[in-house]
Structure formats: structure tokens, C-alpha cells
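The lines below spell out each chain.
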Amino acid sequence: MAAVYQLKRRLLSDEALALKPPGWLNNASRFWNRKENGQPVQREGLVDQVEACPELKGAKAILCHPFWHLIDMPFPTPDALSFILLQLPSHYTSQLFSNEFQHVRKKKIRIQSQIRLEMPYDLNALTCFLVRAIEEGVAVKEKTGEVDSIPVMQVIAIKMFIRQSLITPLSAIAGELYDVISTRFHPLFSTIHYSRSHLTFRDRDMKVNCIVLGFFRGRQGIFQHSLRLHREWLNQAQRIGLITDSVLDKQAFLWSVMFFSLDELESALFHPQLCSMNSPYIQKLQRSMNKFRQNLTS
């Protein structure tokens, strides 16, 4: 990946090398050459050396995250998916498992608990709901014929992916990663089984527009279009004074964008008569954003 190449170049700068022990360059070069070729590397010691670079603090939490293990499994088994989930922080495992030692999953998760699990802008949340989307895909595939429904977990997972692709470092590889995930899990995330891979709505010009509803192969163009739309909504929300330029405000706004009321969102943000702070939809957005802020700090 280009991002991995840039990271390697940063590590191999004269300033960075001066802080490294003898022989580090050879080991690091082999490590990053493998990463550039897409080969998973299990040697945590080398990643620890990356983590030791002050400018790359936190790299280990990204490079060694179970998310990468998950998307490297084209045919995940229930046990393998449980293993991935059990590597997540305790506030995830406690909500997902009734008995973590015996890998016993809970049959249901309370709505409020699920909402709190959706909120973080990190790989833990994305991994959790991508696993659940995969499980949803397995269940759908086992049914006969096409399922005329919205892939609920897919929608949650893609919303999280879009949000993170806009305001986290994931933006550097968003398009490539969407392609990898949608291709890898195509047998489960297939339009053969789901009748709807995108959602249509009326935009600010009253034209039919669309947004992607999941990780579907061949829908990379719609995914990129969906990213552009979210970026436009984010910028317009700042323009009309709905949010500030702070990370928290951007997070709250993106989390509050509901896929199934996008025509209202477009009207509220761009229509001259409707983009008032007193309009019903804007007030609804503000309540949702306040709820996000409260849950995030409680």
C-alpha cells in the first residue's frame, strides 16, 4: 500500500535511523517489504521498534489489530469470528458474550448497548460490526432465493467505515480497503442474496441520487460517491453554523446522518428556506448530536 511505503520512508529517514540499534535497517526493510507485498507479519518485536519511534506512537495498536486478521480470512468459520471478537476490548466482549471462556455469544444485544458500541471512531468498533455483517451474510446465504431486505449490519458497518474514512487516518487507504473487503467477502456480501446494494434519494436539485449500503463488489464507484456526499454535508454543516471545525462536532454530525432520511438532510442543509437552525430536521440533528456527545463522555 502507498501508505505503508510512506511510513517506511519516514522510518528510514536519517533522523530516525540515528536512534535505532545496529542491524535495525535490515530487519525493518524485510518487514516493510513484506507489508508492501500484502503479506501478514506476525513478529511483534519489529512492530515494537516501529512503536518506539516518537512520531509513530500508536502504530502497534493499528498494525497488530485483529481487523487485519479478519479481512485476511475469505472463508471465516464461527470459531474464527468468535476468536476475532474475543481480542477486542472488554466493553465489547462483555456485551457480545455471555460466557467469554466458552465463547458463548449472547443471542440479543440491547439497543442502547449496540448504539454505544457503534459510537467510537476506531478499528474496534469497525471490527465488531464487520464480524456481525459477515455473520449476517452467512445467515442470508443459507436461505433460499434473494432476500428482499436491507442488510442491517452491513449498513451499520459501512456507515462506520465512511465516517472513519473522512476524519481518521483510515482516509489514506479507504478506497483500496473497500475494494479488498468487498472482494474478499463477495460470496457473503453479494447482490445475488441482497436485493439492495445502494439507496436512492432526492438530492438538493430534486434529482435521484444514491448512496452505498454495504461492501459490495463492483460498487467502488458508488462508495467513492458516498464519501464525496458525506464530505459535502460535513462542509455545509460547518458553513451554516450547525457545527464547528472541532473533531468532536464532526464526529457527532457524521454519526447523526441517517441513511433513510437523506432527502430531508439535503433539503435542511442546502435549501435557502429550510436551512434555519429552527427547522424541525436541523433540531432533530442537534438532539442526535447532543446524545452522541453525552454518551461519549459518560
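Just above, that's the structure.
Residues numbered from 1 in each chain as written. Predicted model: local features only at pLDDT ≥ 70, side-chain atom pairs only at ≥ 80, totals over all residues. Heavy atoms only, no water.

## Comments concerning the overall build of the chain
Working step 1: If you tally the helices and strands in the chain, you get 16 helices and 4 strands.
Working step 2: Every one of the 298 residues in the chain was classed for burial, and the buried ones make up 46%.
Working step 3: A separation of at least 24 residues holds for 62% of the contacts in the chain among residues at least 6 apart in sequence.
Working step 4: Split by element, the accessible area of the chain, about 15400 Å² in all, is 53% carbon and sulfur. (Helix = DSSP H or I, 4+ residues; strand = E, 2+ residues; numbered from the N terminus. Buried < 20%, exposed > 50% of the residue type's maximum accessible area, 1.4 Å probe, protein only. Contact = heavy atoms within 4.5 Å. Areas by Shrake-Rupley, 256 points an atom, 1.4 Å probe, with all protein chains shown as cover.)

## Quick notes on the layout of surface pockets
Working step 1: Taken as a whole, the second largest pocket holds about 280 Å³ of empty space.
Working step 2: If you go around the second largest pocket, you meet 13 residues; those closest to its centre are Glu118, Ile156, Lys159, Trp255 and Met258.
Working step 3: Secondary structure elements with two or more residues in the lining of the second largest pocket: helix 9 (111–118) and helix 11 (152–167).
Working step 4: Ranked by residue count, the leading element in the lining of the second largest pocket is helix 11, at 5 residues.
Working step 5: Of the residues assigned to the lining of the second largest pocket, the class counts are 8 nonpolar, 1 polar and 4 charged. (1 Å grid on protein atoms, 1.4 Å probe; cavity = no way out; pocket = protein on both sides within 12 Å on 5 of 7 lines; lining within 4 Å. Points joined across faces, edges and corners; volume = space filled by probe spheres on them. Nonpolar A, V, L, I, M, F, W, Y, C, P; charged D, E, K, R; others polar.)

## Description of the environment of Asn124
Working step 1: One can find Asn124 in helix 10 (residues 123–142).
Working step 2: Other than its neighbours up to four places away in sequence, Asn124 contacts His65, Leu88, Pro89 and Tyr92.
Working step 3: One polar contact links Asn124 to His65, side chain to side chain, over a distance of 2.7 Å. (Polar contact = N/O pair within 3.5 Å; in protein donor to acceptor, adjacent residues only side chain to side chain.)

## What to know about the pairing of strand 4 (residues 208–212)
Working step 1: Sheet analysis places strand 3 (residues 198–202) next to strand 4, joined by 5 bridges and oriented antiparallel. Counted as the bridge partner of Thr200 is Cys210 from strand 4.
Working step 2: Once strand 3 ends, the chain turns through 5 residues before running back antiparallel as strand 4, passing Met206 with a positive phi of about 65°. (Pairing = 2+ DSSP bridges.)

## A short note on unusual backbone geometry
Working step 1: Backbone geometry at Met206 places phi at a positive 65°, although glycine is not the residue there.
Working step 2: Structurally, Met206 is set in the loop between strand 3 and strand 4.
Working step 3: On the basis of relative accessible area, Met206 is assigned to the exposed category, the value being 56%.

## Things to note about helix 15 (residues 262–270)
Working step 1: Residues of helix 15 that are buried include every one of Leu262, Leu265, Glu266, Ala268 and Leu269, and no others.
Working step 2: Of the surrounding secondary structure, the elements contacted by the buried residues of helix 15 are strand 3, strand 4, helix 13 (220–239), helix 14 (247–256) and helix 16 (280–297).

## Considering the side chain of Arg163
Working step 1: The topology assignment puts Arg163 in helix 11.
Working step 2: At 5.5 Å, Glu118 is the nearest oppositely charged side chain to Arg163, a buried residue that forms no salt bridge. (Lys, Arg positive; Asp, Glu negative; His and termini not counted. Salt bridge = Lys/Arg side-chain N within 4 Å of Asp/Glu carboxyl O.)

## Re the nonpolar core
Nonpolar side chains tend toward joint burial in soluble globular proteins.
Working step 1: Counting residues in each nonpolar core, the largest one holds 75 residues, and the members touching the most others are Trp233 and Phe253.
Working step 2: If sequence neighbours within four positions are ignored, Trp233 has contacts with Phe201, Arg204, Ile211, Phe253, Val257, Leu262, Leu265, Glu266, Leu269 and Phe270. (Core = buried A, V, L, I, M, F, W, Y, C linked by side-chain atoms within 4.5 Å.)

## A short note on the side chain of Arg132
Working step 1: Along the polypeptide, Arg132 turns up in helix 10.
Working step 2: Buried within the structure, Arg132 lacks any salt-bridge partner; Glu135 is the closest side chain of opposite charge, at an N-O distance of 5.4 Å.
Working step 3: Reaching out from Arg132, the side chain makes a polar contact with the side chain of Gln114 at a distance of 2.9 Å.
Working step 4: Excluding residues within four positions of it along the chain, Arg132 makes contact with Ile109, Gln114 and Met153.

## Description of the pattern of salt bridges
Working step 1: Within this structure, the stated rule accounts for 6 salt bridges.
Working step 2: The salt bridge partner of Arg105 is Glu135, with a shortest N-O separation of 2.7 Å. Here Glu135 lies in helix 10 and Arg105 lies in strand 2 (residues 104–105), a separation of 30 residues in the sequence.
Working step 3: You can call Arg105 partly exposed: its relative accessible area is 24%.
Working step 4: Given the relative accessible area of 25%, Glu135 is considered partly exposed.
Working step 5: Taken together, the salt bridges that share partners define one network made up of Arg204, Glu232 and Glu266.

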